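Descriptive analysis of the structure
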Amino acid sequence: MVEPNEKKLNESGGSVDDHYLTAATSQKGSSKWFPHSAEAFFDLVHFPRNPSLSEFQRSLYRLSKKLKYEGEKSARSWWTSFVKLTMANQEIEIFRNTADSLRRKFGGNSKIALRASAFYAYKLWSKGQHREAKELLGNTIEACQTRFGAKSKDLINFKEAYANWLEEEGLVDEARSLYEQAVESRRLVFGLDNLATLNAIENLGSQASLAKDFSTAQSHYREVLEYRRKLQGVGNLQTIRVLRSLAATLAAQGERLEAIELLKSGLVDIADRGNSGELDRVWITEDLSAALKQIGEIEESLRLRENVVEARRRLQGDDHPDTVASILRFGIALNQSKDHERSCVFLREGINGRNKLYGNNNLQTLNAETWLGLSLRDSGYLIKARDMQIHILEVTEAANGPNHTSVRTAKFNLAKTQKRIGALPSALRLTESALKISRRSFGIDATETLAVKQLLGLIEKDRYMWKRSEKLFKEILAVTRKTRGDHDESTLMLLENLALVQDGAGKTRQAVALLREMLEVDRSVSGVESERTFNTMSHLAEVLSNKDAFSEARLIAEEVVIGCERIHGPNGKATIFAKIELADIDRKSGELKRARASLEEVLSISTAEHGEDAYCTHRTMTVLQRTLFALNEYDQRRSLLERHLELHKQKHGVDDPSTLNQMSHLAVNFRASGDLQEARVLQEEVFDRRKALCGPESPSALKDMGILCKILLDLGDSEAANNLARECIELSDAEYGPDHPTSKDARSVLLTIQ
């Protein structure tokens, strides 16, 4: 076909804003969706900087006719997009006058007048005049249905527009009902071999999915997938999109294996597309990773997520929003698989990417920062985690108010970190506040409320408030057993905590009975050699050793060691922890030399296999220190303590609670070996730092006060010791009461001084 001779547009007359010209010529993805149209547009339409609006429209119209003549299927959509752009620049009076003029000329119920009324309503809505827009379009719909019946194409479009407005206003159920009517009309008028009908049904599936009506969503997606495959091909972009939506609804209904098979078939479907299908492969792979995680295939899921991140970096660049989102999702997945150190690396990168995109301190990064706070805490970086979680709480509270559920989550996370630090008064206040929000927002027996209540029980356990802790755990257990049953994992964990609380409260017989009952359940439900069973056996051995039943405790601990060696190997972390527990029982029973030999061997293996920073290595050092202290081996214990202290300083800094614990142990060692002045200097530093970190009324700070009192007394500084002991009693009585172990210990020191 010979190209028509197009003259350049005249610069005289009205002009179109540069904004609209830019939008018209740089539509996102325009060259992707309409490649021939885009090429023809730039070849055919020559316009200066400020063309006449009417001439601009005429040129576009001529372009669309040319494209249609040449068989360009996208010509109608291309033309429609430009009509919408030019309409957006018109004043609202033009629409009103046009509608009035057409109603007078052709009658109010004529097709052209109804269309003009609808366009006027659309313009009203775009200007924020929602009430007038809804009233006008509602009347137009009613008139159109009366005049032309339910099968009118215009009526379908009007109903869909009205449904979108209802959805914008939050009237989701009404919107969905109206949209269902429009979709049914589309079926009757256009049939299922029509892409507009399929788009409408797919949208209906999305609405059902948002409403958590997954069975209805699944039905819609299955129908659309069948026809898209037939009309557009199995590897088409839109076909793949609906395939992913169907897989998501299947997974949401628990049909995860079918979802996985569907996603795998999608990867096969786009195999022939080569490079053009790479990005679709990335999306499907990420969906597949999430589905595999749900069925417990954690390692394969993580491998695929890492592949997704690498592919997005290559295809879209490090700073693309999709790349940043995938980096964050990978960081979260690493956190959930307990690979906290790597999780911190990827979450930090993702947060930096978000900040580049949206600016610092934006709400977009809050969720990612929440996960980073959790990873920092679980990696042992407690102070960094606390500082980040305080920032998150401040931002969340400022954005949503003090009683929002997001504030409850922020307080809950911060309370858990403060508990780990030892700042129990702060943790208690945060948890009690979070509990009030949770009860009000979710209900007394809701899962979210029970989680906060359980944290409160653990905090009271650490505060040695045994009665309150036991009461809380029994209340939670009553609800959990009723809703989840006796054999559920959450029920068993609660029983385990209750047993440890009872043991701490001196109710050792009840604790032993409860753990034996749990052990039978674990063996029957989880298996004789399961992690759950071995964990309960270890707790039972610990409680029995506290009861001085050393022979039985040792037999159980030996059984755990043998089982762990069989499953995890002689040098596995679980085996090392089991051997530490066995050696600790020997220490408690007075078999100090045997305990020392075992722990020195375990320390050598743990350091070689897992490194000095591993928790199992730190735990071995701690129990070995206690054993050396009992053996009066102060010089060797001092060397071990100094090594242990240096490791904590290097990783966490001097103000970390684990570092302060090692410093306090070293001060006690100085006191025991007669180096009282060194003991005093070091313990005073520990006490000052602990007060600043945890508060003077925290159990750890009060314990440090007690140690310092004894050192001062040994030095002959009775006045300083007396003053400190009285301060300790005053703080402890006010926070915990006179019968608290810390209060009693402080009184015994004071009695010694007097």
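Everything below is about the structure printed above this text.
For clarity, every value in this text was computed on a predicted model and none was experimentally measured.

Quick notes on the pattern of salt bridges
Two side chains that carry opposite charge are able to pair once their charged atoms sit near each other. One pass over the structure, following the stated rule, counts 63 salt bridges. With a closest N to O distance of 2.9 Å, R314 and E278 form a salt bridge. Of the two residues, R314 is situated in helix 16 (residues 298-316) and E278 in helix 15 (residues 278-294); the sequence distance between them amounts to 36 residues. Relative accessible area serves as the criterion here: at 55%, R314 is assigned to the exposed category. Between E300 and R303 there is a salt bridge whose closest N-O contact spans 2.6 Å. In this pair, E300 and R303 are both assigned in helix 16, three residues apart and thus about one turn of the helix distant. Overall, R303 belongs to the partly exposed group, its relative accessible area being 42%. Within this structure, E432, E460, R463, R468 and E735 form a network of salt bridges that share partners.

What about the packing of helix 34 (residues 676-694) against helix 35 (residues 699-714)?
At their nearest, the axes of helix 34 and helix 35 sit 9 Å apart, and the two run at 160° to each other. One finds that helix 34 runs roughly antiparallel with respect to helix 35. You can see that helix 34 and helix 35 cross each other, and the crossing is left-handed. Residue-level contacts link L676, A679, R680, Q683, E684, V686, F687, R690 and C694 of helix 34 to S700, A701, D704, M705, I707, L708, I711, L712 and D714 of helix 35. Taken together, the residues of the contact of helix 34 with helix 35 break down into eleven nonpolar, two polar and five charged.

Quick word on the nonpolar core
Membership of the largest hydrophobic core comes to 57 residues, with the highest contact counts inside it found for Y120, L137, Y162, W165, L262 and L263. The element contributing the most residues to this core is helix 7 (residues 111-126), with eight residues. In this structure, Y120 is in contact with I92, F95, R96, A99 and L136, ignoring residues within four places of it in sequence. By size, the runner-up hydrophobic cluster in this structure holds 34 residues, among which are F473, L495, A511 and A557.

Rules of the game
Residues numbered from 1 in each chain as written. Predicted model: local features only at pLDDT ≥ 70, side-chain atom pairs only at ≥ 80, totals over all residues. Heavy atoms only, no water. Salt bridge = Lys/Arg side-chain N within 4 Å of Asp/Glu carboxyl O. Helix = DSSP H or I, 4+ residues; strand = E, 2+ residues; numbered from the N terminus. Buried < 20%, exposed > 50% of the residue type's maximum accessible area, 1.4 Å probe, protein only. Axes fitted to C-alpha atoms, helices over the stretch in contact; angles between N-to-C directions. Parallel < 35°, antiparallel > 145°, perpendicular 65-115°, else oblique. Left-handed = near helix turned anticlockwise from the far one by under 90°. Contact = heavy atoms within 4.5 Å. Nonpolar A, V, L, I, M, F, W, Y, C, P; charged D, E, K, R; others polar. Core = buried A, V, L, I, M, F, W, Y, C linked by side-chain atoms within 4.5 Å.

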